[in-house]
Structures are given as structure tokens and as C-alpha cells.
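This is what each chain is made of:
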Amino acid sequence: MLSCNKERMEDKIKTFSKFGDTGKGGITRLSLSPEALDAREEFCRRCTALGMDIKTDDMANIYATISGEKGLPAIMMGSHIDSVKQGGNYDGILGVLTALEAAETIVTEKVPHKHPITVIVWTNEEGARFEPAMMSSGVITGKFDKDVMLASKDTEGITFKEALEASGYMGEIENRMTAEKYKALVELHVEQGPVLEDEKVDIGIVEGVCGMINYEFTFIGQADHAGTTPMKYRKDALYAATKTIQYLHDELDKLDGKLVYTTGKISAHPNIHTVIPDLVKFTLDVRHQDPEVIKQALEIIKAIPNIVEKCEASYEEAWSRKTVNFYPEFVGYVEKNAKEYGYSAKRMYSGPGHDAQFITDVIPTTMIFVPSENGHSHCEKECTPVDNCLKGANVLLQTILDIDKN
Ligand SMILES: [Zn+2]
């Protein structure tokens, strides 16, 4: 079977790991930063050398295309080039580099294809410099208001608009991805969790992205002196909150084993060691692929009484996202191709969000996962062995060619 080239794959990963190198095994390559612009330049240089045509849209998304038969829509593959602060060399960039390697294989091996084939680089997926995450795929699919996004500021007060204009990558609105011009997207990404490695599986066949709910809980008690207030008179908002967190864990654990939930943010007022806390807030993030299980989680939240340990308890939804299902035919191609290459594979849902989940509303889309060593992600330890990267690139290549044929 047709195969991508391991040495070239390795060289790509090594080269791009220099852009934003922290010196500790990872990178800081925030969106549209000088480091990210260096990575974009190298990407464009390599695409130009392969004879690809490069366009950018008004959100600086890069579309590098191998031409095909006239009048046919293009097939896209790719991901993002930006990282979080002190992130790794695989999240996002591996989706770009495997796509570039697949494109290079098509060009150098003169693989016949009808449709144009585009390697896409989405701008600002991480939202680490300019909030929110998945900004540009969100704008072009109508999820986010462009003017609001342009006003998003980094910690130095620079707006996204200013960074965009200074980048040299702001192109025409006419170049945006549309259903007329593009017929499919396949995004390869690192799993960002330990399941594939744990189960010794090469390829994650991604069926969709888990739905999630995010709630904020508030507890109001009474601030009093820590030395003079007998325990029975206290209205301790932090105690009420911790009791509730315990309840949530106990009850949510009774639901499906694939459910994940997190209290990642908590605040206590006045946060002074001699004062009984009078105001405590915490968040709960719950994710599962089955809307029915999310509904059950919601019932557990709703069962929290108005008064907990003499404190007023309330909760509200901060935001939520419905489960996204990818295009079944493409999911089937990924499964078939992994099998034909002799790779082990497993169907799964993504916990984290990806650009692909927005694009799937406009054109048929799917994703391919490769293992993350020890499940690490969004940190400098992030790693996917090159053999796994190559396996992913091969499945990506063949899936693009299947879409081309059918
Ligand atoms: Zn990513």
C-alpha cells in the first residue's frame, strides 16, 4: 500500500519544533506571535516547493492546494499551528504536518486524484492568546461574530485585529471555506488522553465530539470570626460547597463509566484564614457522547437543595455544547484503511473540542486520532512516537484518496 515517508515525517516534526522552542522539550507558539509566523513561513515555503497554490482568508486561515480537475471542489486536511503556553510539539501541528506529508507523497509519487487537495492551517485554535478557542473556524462557520473576535485582546492589550493586520496573512473573505468550494475535511490530531496508548491501539477512529455541560455553583453563607463563632452557629459557604462537590462525585460516579467530570475552578470569599467564608463559587464540567447520560447528570445537579449546611445554594449553566457526530461514511473509510494497513484501531469520541466540530456543520468531516504518550497534552511532555505519526499520516492519505474516488 501507498506509504508516507518516515524520514520526511521526522524531519517535519523536528523542524517545526524549533519555532517557539522553550528549551525544555516543548514550545510556546501563541497564535500570530513571531514564533507562529515563523512556522507559517516554513509551512508556506514547503508548500510552494511542492507546487501548491497558497491562499489566505480574512481570518488568516491558510489554504495550500494541489490542483485537480477544473470545477471540482477541494478535499481538505489539516489542523492548527498555534500552541498553548509551554505546550508540546504535537497538538495541532501534527495534523498540519501529517497533511503536508500526505500532500508531499501525492506530489512526489504522482498519485492520481481528481479533486484539488488542500492542506488547511486554522488560525487561533487554542485561544491561549486571544479568547475564545477555535476562533477562526468559528467565524467562518458563523458560530462567532467576527467584530467581537477582532476586538479580543491579549494580555498586552493587542487586539486580534491588530495582530491579524500585522501578520501579513490576512487575505480575502472570498477565500473562506464554503460548501461550494470544498467537499470534505479530515483532521488528524493527537488523542490528548491515555486510552489509545493504554490499550495499545494505533489509530483512534473518531466518531464525534462529546457533548458537554458547564455549570457554576454559588454558596452564600455568613462571614464571621474564626476564633469566636461556635461551630453550631456557623454558615460556612466553603463547607457547603465541599459537601456538594462530594455529593456530585458520589452520584455522577454511578452513571456510565465513560462520563468525565471536573471541578477545575473554585473561589472563596474573603479568602482570609481568620474569616469563615461567606461566598464560594465552583464550576462543574461534564462530558459524555450520549445526550441521555448528560441528561442524567443534569438531574443530579437539579437535585441539589436550595439550602446546604445552612447556606444558600444555587447553580446556573455557564455554557454547553451538543454531541457532534462526524460523517459516517468517512468514519468508515478511516476504519477500513487502518485495517488494510494492518494497524489496530478503535472507535471513540473526542473529549476536547477541535476545529473539525465546527466545519462538520458545513461540509462532511471526520477526524483521526493517534496516541499521546502517557496521555500528556497541553504540556511540554506531549509526545507521539514517529511510527505512530507515520501510521496516522498513512491512514489520512488513504482516507483523502477514498473521498476523492467516491
Ligand atoms: Zn489541538
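Residues numbered from 1 in each chain as written. Predicted model: local features only at pLDDT ≥ 70, side-chain atom pairs only at ≥ 80, totals over all residues.

As named in an unreviewed UniProt entry, the protein chain is Zn-dependent hydrolase, taken from Clostridium gelidum.

Q: Go over the overall build of the protein chain with me, naming the residues and quoting the values.
A: Within the protein chain, the regular secondary structure consists of twelve helices and 15 strands. The globule rule puts the C-alpha radius of gyration for 406 residues at 22 Å, and the 24 Å found for the protein chain is close to it. Summarising its shape, the C-alpha atoms of the protein chain cover approximately 80 × 45 × 40 Å along the three principal directions. Across the protein chain, the fraction of contacts at a sequence separation of at least 24, relative to all contacts at a separation of at least 6, is 79%. (Helix = DSSP H or I, 4+ residues; strand = E, 2+ residues; numbered from the N terminus. Rg over C-alpha atoms; globule rule 2.2 N^0.38 Å. Contact = placed C-beta atoms within 7 Å.)

Q: Pulling in residues and values, what's your account of the environment of K235?
A: Along the chain, the position of K235 falls in the loop between β7 (211–220) and α8 (237–252). The exposure class assigned to K235 is buried, which follows from the 21 C-beta atoms found within 10 Å. Along the primary structure K235 and S137 are separated by 98 residues, whereas in three dimensions their C-alpha atoms are 47 Å apart. Ignoring sequence-local partners within four residues, the contact set of K235 consists of G221, Q222, K310 and C311. (Buried ≥ 20, exposed ≤ 12 C-beta atoms within 10 Å, placed from the backbone.)

Q: Report on the pairing of strand β3 (residues 74–80), specifying residues and quantitative values.
A: In terms of burial, β3 is a largely internal element, seven of the seven residues being buried. Bridge analysis of β3 against strand β4 (residues 117–122) gives six bridges, and the strand direction is parallel. Paired with G78 across the bridge in β4 is I120. Note on the crossover from β3 through helix α3 (residues 93–108) to β4: the handedness is right-handed. (Pairing = 2+ DSSP bridges. Right-handed = clockwise from strand over helix to strand, strands pointing away.)

Q: Which residues make up helix α9 (residues 291–302), and what are the values?
A: The end-to-end C-alpha distance of α9, which contains twelve residues, comes to 16 Å, matching closely the 16 Å that a straight helix rising 1.5 Å per residue would cover. Every buried residue belonging to α9 is among V293, I294 and A297, and all of these are buried. All buried residues of α9 project into a common sector of 100 degrees when viewed along the axis, lining one side. Opposite the packed face of α9, turned more than 90 degrees from it, sit the exposed residues P291, E292, K295, E299 and K302. Buried positions along α9 lie against β7, α8 and β10 (279–288). (Expected span 1.5 Å × (residues − 1). Arc of directions from axis to C-beta.)

Q: Tell me about the UniProt feature "domain: Peptidase M20 dimerisation" (unreviewed entry) in the protein chain, and name the residues and values.
A: UniProt's entry tags residues 210–304 with the feature "domain: Peptidase M20 dimerisation" (unreviewed entry), counted in the numbering of this structure. In this annotation, residues 210–304 is assigned 29% helix and 28% strand; the end-to-end C-alpha distance for the span is 25 Å. (UniProt positions renumbered as here; feature names shortened; annotations may be inferred.)

Q: So what about the nonpolar core? Which residues, and what values?
A: Counting 111 residues, the largest nonpolar core has V96, A102, A103, V119, I368, L396 and I400 as its most contacted members. Built from parts of two domains, this core gets at least three residues from each of domain 1 (6–209 + 323–405) and domain 2 (211–321). Ignoring anything within four residues of it in the chain, the contact list for I368 reads V186, L188, I203, G204, V206, V334, G392, V395 and L396. (Core = buried A, V, L, I, M, F, W, Y, C linked by C-beta atoms within 7 Å. Domains from an automatic or database assignment.)

Q: I'd like a description of unusual backbone geometry, backed by residues and values.
A: For the bond from E131 to P132, the omega torsion is 0 degrees, close enough to zero to count as cis. Counting through the fold element by element, P132 comes out in the loop between β4 and α4 (135–140). A cis amide bond, omega 0 degrees, links H269 with the succeeding residue P270. By the secondary structure assignment, P270 is in the loop between β9 (266–269) and β10. In this structure, M134 takes a positive phi of about 55 degrees despite not being glycine. Tracing the chain through its elements places M134 in the loop between β4 and α4. For M134, a count of 23 C-beta atoms within 10 Å gives the class buried.

Q: Give me the pairing of β4: which residues, what numbers.
A: Strand residues, when the strand is regular, have side chains that alternate between the two faces of the sheet. Counting buried positions over the six residues of β4 gives six, a clear majority of the element. The two faces of β4 match: I117, V119 and V121 on one face and T118, I120 and W122 on the other face are all buried. Judged from the five bridges that link them, strand β2 (residues 62–66) and β4 form a sheet pairing that is antiparallel. Its bridge partner lying in β4, I62 is registered against V121.

Q: Lay out helix α10 (residues 328–341) with the relevant residues and their values.
A: For α10, built from 14 residues, the straight-helix expectation of 20 Å at 1.5 Å per residue is met to within 8% by its first-to-last C-alpha distance of 20 Å. Within α10, burial applies to F330, V331, Y333, V334, N337 and A338. Down the axis, α10 shows its buried residues gathered within 155 degrees of arc, on one side only. In this structure, α10 carries P328 and E340 as exposed residues pointing more than 90 degrees from its buried face.

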